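In case you want the letters, here they are:
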Amino acid sequence: MAGATAVVLVAEGAVLAFVHLVLGRTTANQSMSIAGMDPSVMSKATYAMGAGMGGFLLLCAVFLAVAAIRDRAPGTFARVLLVTAAVTHGLLGALVVGLVGWPAFGVMMAILCLLVASLMLYSAKDARGADAGARGADGAGGGPEVQDAPPGHPLLGDFGDFKPTSP
């Protein structure tokens, strides 16, 4: 899952960088100002935004590829970065539905689902893996033995013949 998400993020980063390159060149070629802004400043800001967004998505893809290769959940910094990417995709999905249309919304939500699935599946897998690692390779107990709790309500304790009325 993380490997597929990394590939999708690399493709998205390349597309966004290309779109910003085209927008920057278009802004530079039209010698008009918007609200008194210099066209060269606007084109350079567009280039910088495209490079920043592409770099951010590429960094997220690198962390996901490392997680896929190691078959472990990403570290704390990588998780924060990936959660930020997921939130950003959710917000951008809400914006593109009105600006671009439903197909773009569907693409953004598919990428959001891939990011969330990558984060959730690795955290659940690591929880199971840590439990299996505590038992050892042969399943024999390396840690304390777990026993079932005695019958009765855990908060009320034992009150002799008195029992709670609800199950």
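Note that this is a predicted model, so its numbers are computed, not measured.

1. Re the layout of surface pockets
Item 1. Size it by volume and the largest pocket reaches roughly 350 Å³.
Item 2. Lining the largest pocket we find Glu-12, Leu-16, Met-53, Leu-92, Leu-95, Val-96, Leu-99, Val-100, Ala-104, Val-107, Met-108 and Ile-111.
Item 3. Class assignment of the residues belonging to the lining of the largest pocket gives a composition of eleven nonpolar, no polar and one charged.

2. Describing the packing of aromatic side chains
Item 1. Enumeration according to the criterion identifies two aromatic pairs in this entry.
Item 2. Centroid distance Phe-63 to Phe-77: 5.9 Å. Interplanar angle 75°. Geometry classified as edge-to-face. With Phe-63 in helix 2 (residues 39–70) and Phe-77 in helix 3 (residues 76–99), this residue pair connects regions lying 14 residues apart in the sequence.
Item 3. Residue class for Phe-63 comes out partly exposed when judged on its relative accessible area of 24%.
Item 4. Both rings, one in Trp-102 and one in Phe-105, keep their centres 5.3 Å apart while their planes meet at 85°; by these two values the pair is edge-to-face. In this pair, Trp-102 and Phe-105 are both assigned in helix 4 (residues 102–135), three residues apart and thus about one turn of the helix distant.
Item 5. Taking relative accessible area as the criterion, Trp-102 reaches 62% and is therefore assigned exposed.
Item 6. Overall, Phe-105 belongs to the partly exposed group, its relative accessible area being 25%.

3. A word on the environment of Leu-23
Item 1. One can find Leu-23 in helix 1 (residues 2–29).
Item 2. Taking relative accessible area as the criterion, Leu-23 reaches 44% and is therefore assigned partly exposed.

4. Describing helix 2
Item 1. The first and last C-alpha atoms of helix 2 sit 46 Å apart over 32 residues, in line with the 46 Å expected at 1.5 Å per residue.
Item 2. Every buried residue belonging to helix 2 is among Pro-39, Met-42, Ser-43, Thr-46, Gly-50, Gly-54, Leu-57, Cys-60, Ala-61, Leu-64 and Ala-67, and all of these are buried.

5. Here's the deal with the packing of helix 2 against helix 3
Item 1. Where helix 2 meets helix 3, the axes come as close as 10 Å, and the angle between the chain directions of the two elements is 130°. In this view, helix 2 runs oblique relative to helix 3, as classed from their interaxial angle. The chirality of how helix 2 crosses helix 3 is left-handed. Residues Phe-56, Leu-57, Leu-59, Cys-60, Phe-63 and Leu-64 of helix 2 lie in contact with helix 3, whose contacting residues are Phe-77, Ala-78, Leu-81, Leu-82, Thr-84, Ala-85 and His-89.

6. Considering the confidence of the model for the protein chain
Item 1. On average, residues of the protein chain score 82 in pLDDT, and 73% of them are at 70 or above.
Item 2. Taken as a whole, residues 131–137 scores under 50 in pLDDT and shows five contacts with residues more than four places along the chain or in a different chain.

7. As for a nonpolar patch on the surface
Item 1. Together, Val-15, Phe-18, Val-19, Leu-21, Val-22, Leu-23 and Tyr-47 make up an exposed nonpolar region whose accessible area comes to about 590 Å².
Item 2. Among the elements that make up the nonpolar patch, the one with the highest residue count is helix 1 (six residues).
Item 3. Relative to the assigned elements, Val-22 resides in helix 1.

What counts and how
- Residues numbered from 1 in each chain as written.
- Predicted model: local features only at pLDDT ≥ 70, side-chain atom pairs only at ≥ 80, totals over all residues.
- Heavy atoms only, no water.
- 1 Å grid on protein atoms, 1.4 Å probe; cavity = no way out; pocket = protein on both sides within 12 Å on 5 of 7 lines; lining within 4 Å.
- Points joined across faces, edges and corners; volume = space filled by probe spheres on them.
- Nonpolar A, V, L, I, M, F, W, Y, C, P; charged D, E, K, R; others polar.
- Phe/Tyr/Trp six-rings, centres within 6.5 Å; stacked < 30°, edge-to-face > 60°.
- Helix = DSSP H or I, 4+ residues; strand = E, 2+ residues; numbered from the N terminus.
- Buried < 20%, exposed > 50% of the residue type's maximum accessible area, 1.4 Å probe, protein only.
- Expected span 1.5 Å × (residues − 1).
- Axes fitted to C-alpha atoms, helices over the stretch in contact; angles between N-to-C directions.
- Parallel < 35°, antiparallel > 145°, perpendicular 65-115°, else oblique.
- Left-handed = near helix turned anticlockwise from the far one by under 90°.
- Contact = heavy atoms within 4.5 Å.
- pLDDT = per-residue confidence, 0-100.
- Patch = residues over 30% accessible without salt bridge, like charges linked within 9 Å, V, L, I, M, F, W, Y side chains within 5 Å.
- Areas by Shrake-Rupley, 256 points an atom, 1.4 Å probe, with all protein chains shown as cover.
- Salt bridge = Lys/Arg side-chain N within 4 Å of Asp/Glu carboxyl O.

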